[in-house]
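Listed below are the residues making up each chain.
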Amino acid sequence: MGGEGRELSSDRQQPLRDDIRLLGTLLGETLRAQEGPRLYEAVERVRAFAKTDFAALDRTLQELQLEDALTVARAFAHFLSLANIAEQHHRVRRRRDYERTTDGGALQRGSFQDSFSRLLAAGVTPDALHGHVRSLQIELVLTAHPTEIVRRTMRQKARHIAALLERGDRPDLTPAERADVLDSLRREVTAAWRTSEARAGGALTPGDEVRGGLVVIEQTLWDAVPQHLRALDRALREATGRALPVEAAPIRFGSWIGGDRDGNPNVTPAVTVQACLLARWMAADLYWREIDALRSELSMRDGSDELQARVGNVSEPYRVLLKEVRDRLAYTRDCLGRGSFDARAYSQPDELLEPLQLCRRSLQQTGADIVAEGRLLDVMRRVACFGLSLVRLDLRQDARRHAEALDAITQHLGLGSYAAWDESERRAFLNRASQDEGRGIAAALEPNVPFPAAVRDVIDTFRAAATLPQGSLGAYVISMASNASDILAVELLQLASGIRPPLRVVPLFETLSDLGRAGASMRDLLGIDWYRERCGGRQEVMIGYSDSAKDGGRLAAAWALYTGQEDIVAACAARAVHLTLFHGRGGTVDRGGGPAQLAIQSQPPGSVNGSLRVTEQGEAIDAKFGLLGIALRTLEEYTTATITATLEPAADPERRWRDRMQRLADTSRAAYRDLVHGSPEFTAYFWAATPEAEIGQIKIGTRPARRMPADGSRSVEGLRAIPWVFAWTQTRLMLPAWLGVGEALEEAVRDGHLDELTEMYDAWPFFRATLDLIEMVLAKASPQISERYDRGLVPEQLWPVGEDLRDRLRRTVAAVLAVTRHTELVEHNPILRRSIDVRNPYVDPINLVQIEILRRLRRAGEDALLRDALLVTVNGVAAGMRNTG
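Residues numbered from 1 in each chain as written. Predicted model: local features only at pLDDT ≥ 70, side-chain atom pairs only at ≥ 80, totals over all residues. Heavy atoms only, no water.

## Quick notes on the side chain of Thr 272
Alright, step 1. When you line up the elements, Thr 272 lands in helix H10 (residues 269–297).
Alright, step 2. Among the residues examined, Thr 272 registers a relative accessible area of 4% and is labelled buried.
Alright, step 3. Leaving out residues up to four positions away in the same chain, Thr 272 has contacts with Gly 258, Gly 259, Arg 261, Val 267, Leu 393 and Leu 395. (Helix = DSSP H or I, 4+ residues; strand = E, 2+ residues; numbered from the N terminus. Buried < 20%, exposed > 50% of the residue type's maximum accessible area, 1.4 Å probe, protein only. Contact = heavy atoms within 4.5 Å.)

## Structural notes on the sheet that holds strand E5 (residues 504–509)
Alright, step 1. What the eight strands build is a closed barrel, ordered E1-E2-E3-E4-E5-E6-E7-E8; its pairing is parallel. When the angles between neighbouring strand axes are averaged without regard to direction, this sheet yields 25 degrees. (Pairing = 2+ DSSP bridges. Axes fitted to C-alpha atoms, helices over the stretch in contact; angles between N-to-C directions.)

## Remarks on the confidence of the model for the protein chain
Alright, step 1. Summing up the model confidence of the protein chain, the mean pLDDT is 91 and the portion of residues at 70 or higher is 94%.
Alright, step 2. Confidence drops under pLDDT 50 across residues 2–10; counting only partners more than four residues distant or on other chains, this segment forms 21 contacts.
Alright, step 3. With pLDDT under 50 throughout, residues 589–593 is counted as low confidence; its partners more than four residues away or in other chains account for 29 contacts. (pLDDT = per-residue confidence, 0-100.)

## A short note on the packing of aromatic side chains
Alright, step 1. Taken as a whole and judged by the stated rule, the model has 26 aromatic pairs.
Alright, step 2. Here Trp 559 and Trp 764 contribute two aromatic rings whose centre-to-centre distance is 5.8 Å and whose plane-to-plane angle is 90 degrees, an arrangement assigned as edge-to-face. One end of the pair, Trp 559, is in helix H24 (residues 554–574); the other, Trp 764, is in the loop between helix H34 (754–763) and helix H35 (765–780), with 205 residues separating them in the sequence. Here Trp 559 and Trp 764 have matching classes, each one buried.
Alright, step 3. Three or more aromatic residues joined by ring pairs make a cluster, and in this case those are Trp 559, Tyr 562, Trp 657, Trp 764, Phe 766 and Phe 767.
Alright, step 4. Over the ring of Trp 193 we find Arg 74; its NZ or CZ atom is 4.2 Å from the centre of that ring.
Alright, step 5. Lying across the ring of Tyr 331, Arg 344 places its NZ or CZ 4.3 Å from the centre. (Phe/Tyr/Trp six-rings, centres within 6.5 Å; stacked < 30°, edge-to-face > 60°. Lys NZ or Arg CZ within 6 Å of the ring centre and 35° of its normal.)

## Remarks on empty space enclosed by the protein
Alright, step 1. One pass over the full model with this rule turns up seven cavities of 30 Å³ or more.
Alright, step 2. Roughly 190 Å³ of internal volume is contained in the second largest cavity.
Alright, step 3. Forming the boundary of the second largest cavity are 17 residues, of which Arg 554, Arg 585, Ser 602, Gln 603 and Phe 766 lie nearest the centre.
Alright, step 4. Sorting the residues of the lining of the second largest cavity by element identifies H24, helix H25 (596–601) and H35 as the ones contributing at least two each.
Alright, step 5. Counting residues per element, the lining of the second largest cavity draws most heavily on H24, which supplies five residues. (1 Å grid on protein atoms, 1.4 Å probe; cavity = no way out; pocket = protein on both sides within 12 Å on 5 of 7 lines; lining within 4 Å. Points joined across faces, edges and corners; volume = space filled by probe spheres on them.)

## Here's the deal with the pairing of strand E4 (residues 473–479)
Alright, step 1. Counting buried positions along E4 yields seven of seven residues, so the element is predominantly enclosed.
Alright, step 2. Across five bridges, the pairing between strand E3 (residues 392–398) and E4 is parallel. Each bridged residue has a counterpart across the sheet, and for Leu 395 the counterpart in E4 is Tyr 476.
Alright, step 3. Note: E4 against E5, four bridges, orientation parallel. Bridge pairing in E5 places Ala 475 opposite Arg 504.
Alright, step 4. Handedness of the crossover joining E4 and E5 through helix H20 (residues 484–497) is recorded here as right-handed. (Right-handed = clockwise from strand over helix to strand, strands pointing away.)

## Focus: unusual backbone geometry
Alright, step 1. Residues Arg 500 and Pro 501 are joined by a peptide bond in cis, for which omega reads -10 degrees.
Alright, step 2. Mapped onto the fold, Pro 501 is located in the loop between H20 and E5.
Alright, step 3. Positive phi is not limited to glycine here, since Leu 390 has a value of about 65 degrees.
Alright, step 4. Its place among the elements puts Leu 390 in the loop between helix H15 (375–386) and E3.

## Things to note about helix H29 (residues 680–689)
Alright, step 1. Within H29, seven of the 10 residues are buried, which leaves it mostly tucked inside the rest of the structure.
Alright, step 2. Within H29, the full set of buried residues consists of Phe 682, Thr 683, Tyr 685, Phe 686, Trp 687, Ala 688 and Ala 689.

## Describing the packing of helix H4 (residues 66–99) against helix H39 (residues 864–881)
Alright, step 1. At a closest axis distance of 8 Å, the pairing of H4 and H39 adopts a crossing angle of 30 degrees. Crossing of H4 against H39: the hand is left-handed. For the pair H4 and H39, contact is made by Leu 66, Leu 70, Ala 73, Arg 74, Ala 77, Leu 80, Ser 81 and Asn 84 and by Leu 866, Ala 869, Val 872, Thr 873, Gly 876, Ala 879 and Gly 880, respectively.
Alright, step 2. Residue composition of the contact of H4 with H39, by class: nine nonpolar, five polar and one charged. (Left-handed = near helix turned anticlockwise from the far one by under 90°. Nonpolar A, V, L, I, M, F, W, Y, C, P; charged D, E, K, R; others polar.)

## A few points about the packing of helix H9 (residues 206–240) against H10
Alright, step 1. It is the contact of H9 with H10, at a shortest axis distance of 10 Å, that shows an interaxial angle of 25 degrees. One element, H9, and the other, H10, form an angle in the roughly parallel class. With respect to the hand of their crossing, H9 and H10 are arranged in right-handed fashion. Here Pro 206, Val 210, Arg 211, Leu 214, Glu 218 and Trp 222 of H9 come into contact with H10, specifically with Val 271, Ala 275, Leu 278, Ala 279, Met 282, Leu 286, Tyr 287, Arg 289 and Glu 290.
Alright, step 2. Looking at side-chain class alone, the contact of H9 with H10 contains 11 nonpolar, no polar and four charged residues. (Parallel < 35°, antiparallel > 145°, perpendicular 65-115°, else oblique.)

## Notes on the side chain of Arg 613
Alright, step 1. Along the polypeptide, Arg 613 turns up in strand E8 (residues 611–617).
Alright, step 2. For Arg 613, a relative accessible area of 2% puts it in the buried group.
Alright, step 3. For Arg 613, the side chain forms a polar contact with the side chain of Asp 394, separated by 3.0 Å.
Alright, step 4. In contact with Arg 613, not counting residues within four places along its chain, are Glu 139, Val 141, Asp 394, Ala 475, Arg 504, Glu 540, Thr 580, Leu 581, Phe 582 and His 583. (Polar contact = N/O pair within 3.5 Å; in protein donor to acceptor, adjacent residues only side chain to side chain.)

## Focus on the environment of Gly 544
Alright, step 1. You can see Gly 544 is positioned in strand E6 (residues 538–544).
Alright, step 2. Between the C-alpha atom of Gly 544 and that of Asn 609, which follows or precedes it by 65 residues, the distance is 19 Å.
Alright, step 3. When sequence neighbours within four positions are dropped, the list of residues in contact with Gly 544 reads Leu 508, Phe 509, Glu 510, Leu 561 and Gly 584.

## Some words on the pattern of salt bridges
Alright, step 1. By the definition in use, this model includes 79 salt bridges.
Alright, step 2. Arg 326 is the salt-bridge partner of Asp 292, the closest N and O atoms lying 2.8 Å from each other. Here Asp 292, found in helix H10, pairs with Arg 326, found in helix H12 (residues 317–338); they are 34 residues apart in sequence, far enough to count as distant.
Alright, step 3. Taken together, the shared-partner salt bridges in this structure form one network comprising Arg 95, Glu 99, Arg 633, Glu 636 and Glu 637. (Salt bridge = Lys/Arg side-chain N within 4 Å of Asp/Glu carboxyl O.)

Structure (structure tokens):
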């Protein structure tokens, strides 16, 4: 995988090409040294044919022994991973190029300076801008991923390689230092090549996932947050003349890892407790390090009278005070390690913040303001953002599980069957039972009451939540919520369990039908006086992108989410309740993924009102926060997109556009559901053509691929959205993102509405964003590779299904190009276009090897070596597609 060294060029993409060429060269050297000339030459032959002759590529791979073909696939997978690292590093490099611009050049779109200047030019006053930035409430919620492909070990090596590329950018390196960088890169590439893709020690546990989620806090976000807030403060001073208050925390972090038990029996009450304790332990440890460093810095011999009175007349008052803080943090850390608490341990952020505020006042009063604005300020801002728990853990459970628990409770107490009651009867009971703070049912929650295991798990989750330190938990999210009683049930169970203060209760509307009823459900809920008083004029509602798209297709889901949000906004506004929408997005377009700026600014007017919650899932966490520079850009984009959508919301779409969009959604949904949910041949084709079943056996995550235990029917309905998307990504058909779109657009064009569609694309941010994201996925699809899966894995009688799908794909491409007026896909984004064109030839050989592995696996049955080989190819395709589902 050869190439030459770096070259200087004014071409902004040239440094990226140089990095990729360098890493490819080092990988080639590693292959020759580790695998020998024969396999190295085989890789080079495959690489040449992949770019020029697909038939010759197929023949060459067929002629190789499987073991050799697998080595070739590993080589291409490693190259794609190295290319990803280079692209990530180049994003950081380009951001720094923008930030160095001081000659009036273009500002980076979505940067603080760009966004604030645009808002002020549009008529937003400096006071309004400052006030809205100061009060922003954005929470990014980290979630685990059922198809978490890349090992943390490999992610760490990727960060090391990125750091070495950054060091190599320095123009002042001596020849010896540059040689050291190259040698270090060789070592990292070689170590990665000799590291197994399969993790040792068996399947992942929830504890592994919790630790993995916290790693990104420790390694990047801990440093990124104060840097981000410094940059925001600087930009705000320039734009408004006023600073960002120290206590302001525009962005905070939540987590579902260890708290999301919906369909995952591995997440138990004990796991939830351990997740919270581990996060608080890590927080205490990180603060201990900061306070120890701060104590070394604040060596001043004098302090304010207030400080001297606090510590006594000593020569180094700051160090004396901070030693007390450091020692108390060490004690807190030790307590958390033992799972115990007492009054000496820190329990609330204000306890940690108070001595830091005293130090800051003293420094300011004694003329050391510049010192007060250094590490001390950074620590205080970390406290405002992370508190003592780093992340607040959400709990999530299916609404049916709560109803099942309440049915067992009411029957145990002789009150009747909750399950048999209608909605009005349930509400009446929940209202009555809540009037005495749930004491009437509290006895039934005691551990000695004999309930089925599933009911006991629900009850014990609430009881465990009541024991955790305040601030450990965030919200309680209810999956498959559809009625007001679903929310009231959780409120009652919280009361009866003694959770004080109670957690926010957040209904999650995720199917098309539930999204359609979401506004009515919220009107019913907010019409209940005691609940409206209880929620304190604030309500959070979650909307799910994954299940809605799997239910009815991407286009129908996008419109259902848009109109559902509008209805929820109206319902809350009618009761003067402040709404925060929680967007359950995945990493892929089919699951609501895409650039943050594009997604947030195409939301319905009024849906982003200074507050926002968004999930960041699995490998998307590493892509957005794995490198410090990328994390800073991600935080900046979320901040500016939210403030822009708040102060300059998109205009309401015209009535005729809404009508057209509804017809597009209806047609798209019908086409999607007729095939996916109405064709037995399609279902049989899916299981044969994709590796979903085999990937489910690799045990790369803790969450089952299906919501309910498998019953042998292998229905698409029972499959979770993530593995559904993942399977189609592996075969490169990318079906969930586009199926139904072509039929809808074709019908509109046939009926003479092309001009209206192009008008909508030009003037309506929602419609443009939707089509642009679909177009991006279409550019990644490969009908040629999909056909190879059919020929290698699918029974011949099902081949017409695949042929029909590829014909639909071609028609969808043509329809999208007609509306966007592009001559080729993603021509408006030449960098992305080139990236796809460069990557695809490197992914093709991996797909062909995967087909052969799947063929052998299906013939041989369980085979550990073949499963490890499959994981290699799954990694490679995921790296090439830049997502896993």
